[in-house]
Amino acid sequence: MHTINDHRLIDIPKIVADDGRGNLSVIEKDLIPYEIKRVYYLYDVPSDSIRGGHAHKELQQFLIPLSGSFDVVLDDGDHKVTITLNRPFKGLYIPNGLWRELENFSAGAVCLSLVSEVYMESDYIRNYKDFKLFKASNSPT
Ligand code: TYD
């Protein structure tokens, strides 16, 4: 079962136009450790909102702050870590089995999410007590 130490910040290759026309970043299939099955994005998030607030049994995720910034709090049931995402060329890989909350969205922030599964409500654990039970039942004894 994964711990918070299994998250990874991944640099997304950046191509800088040498004539000052700006930057381009590209994600090709080998950059993240799964096949992308779904893409969604969060935007117009009020600064006092908390998104996420769940774990996934199987789904793996890669988050990219396309614009602005936000914090991602990861929790494995024993420890927490907060990661600030604020560069569109640096994404966060989150393995399955971690509780996550997204907060402190800046004005205009856009969070792109590339995920390993189609939408399936049965993959969600939306109650923290259930998450702790899930962790306990999946831990080596
Ligand atoms: P939810 O997962 O609770 O959002 P967040 O984790 O960002 O706070 O999803 C909000 C609603 O959108 C919920 O009713 C489920 C629905 N939804 C879909 O129908 N398809 C999707 O791909 C996603 C991510 C959510």
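To be clear, the structure that these remarks concern was listed above.
Definitions and limits used
Residues numbered from 1 in each chain as written. Predicted model: local features only at pLDDT ≥ 70, side-chain atom pairs only at ≥ 80, totals over all residues. Heavy atoms only, no water. Core = buried A, V, L, I, M, F, W, Y, C linked by side-chain atoms within 4.5 Å. Buried < 20%, exposed > 50% of the residue type's maximum accessible area, 1.4 Å probe, protein only. Helix = DSSP H or I, 4+ residues; strand = E, 2+ residues; numbered from the N terminus. Contact = heavy atoms within 4.5 Å. Arc of directions from axis to C-beta. Polar contact = N/O pair within 3.5 Å; in protein donor to acceptor, adjacent residues only side chain to side chain. Pairing = 2+ DSSP bridges.

**Brief notes about the nonpolar core**
Ranked by size, the top nonpolar core spans 16 residues in total, and within it V72, L102 and F105 carry the most contacts. When contributions to this core are tallied by element, the ones reaching two or more residues are β7 (70-75), β8 (80-85) and β9 (90-94). Top element by residues in this core is β7. It accounts for three residues. Other than its neighbours up to four places away in sequence, L102 contacts L42, S49, I50, R51, L63, F70, D71, V72 and C111.

**Description of the environment of V39**
Mapped onto the fold, V39 is located in strand β4 (residues 38-42). Residue V39 is classed as partly exposed on the basis of its relative accessible area, which comes to 49%. When the C-alpha positions of V39 and H2 are compared, they lie 23 Å apart, and in sequence the two are 37 residues distant. With sequence-adjacent residues up to four places away left out, V39 is seen in contact with L112, S113 and L114.

**Notes on helix α1 (residues 128-138)**
Residues of α1 that are buried: F131, F134 and K135. All buried residues of α1 lie within an arc of 100° about the axis, which places them on one face of the element. Turned more than 90 degrees from where α1 packs its buried face, K129, L133, A136 and S137 sit exposed. On its buried side, α1 packs onto β5 (51-56), β7, β10 (99-103) and β12 (124-125). The opening residue of α1 is N127, an N-cap whose side-chain oxygen sits 2.9 Å from the backbone nitrogen of K129.

**Concerning the sheet that holds β8**
Taking strand neighbours across the sheet as the criterion, the five strands line up as β8-β7-β10-β5-β12 in an open arrangement whose pairing is antiparallel. The two strands at the open ends of the sheet, each matched to only one other strand, are β8 and β12. As paired elements, β7 and β8 share six bridges and run antiparallel to each other. Paired with F70 across the strands is L85, a residue of β8.

**So, the environment of G68**
Here G68 lies in the loop between β6 (61-67) and β7. Taking C-alpha positions, G68 is 11 Å from S47, a pair spaced 21 residues apart along the chain. Setting aside its immediate chain neighbours within four residues, G68 contacts L85, N86, S106 and A109.

**Quick notes on the pairing of β6**
Across the seven residues that make up β6, a large majority, five, are buried. With six bridges connecting them, β6 and strand β11 (residues 110-115) associate as antiparallel partners. Following the sheet pairing, F62 is matched in β11 by L114.

**Here we look at the side chain of Q60**
Here Q60 shows up in the loop between β5 and β6. At 2.5 Å, the side chain of Q60 forms a polar contact with the side chain of Y93. With near-sequence residues (within four places) excluded, Q60 lies in contact with P33, Y34, Y93, I94, P95, N96, L114, V115 and S116.

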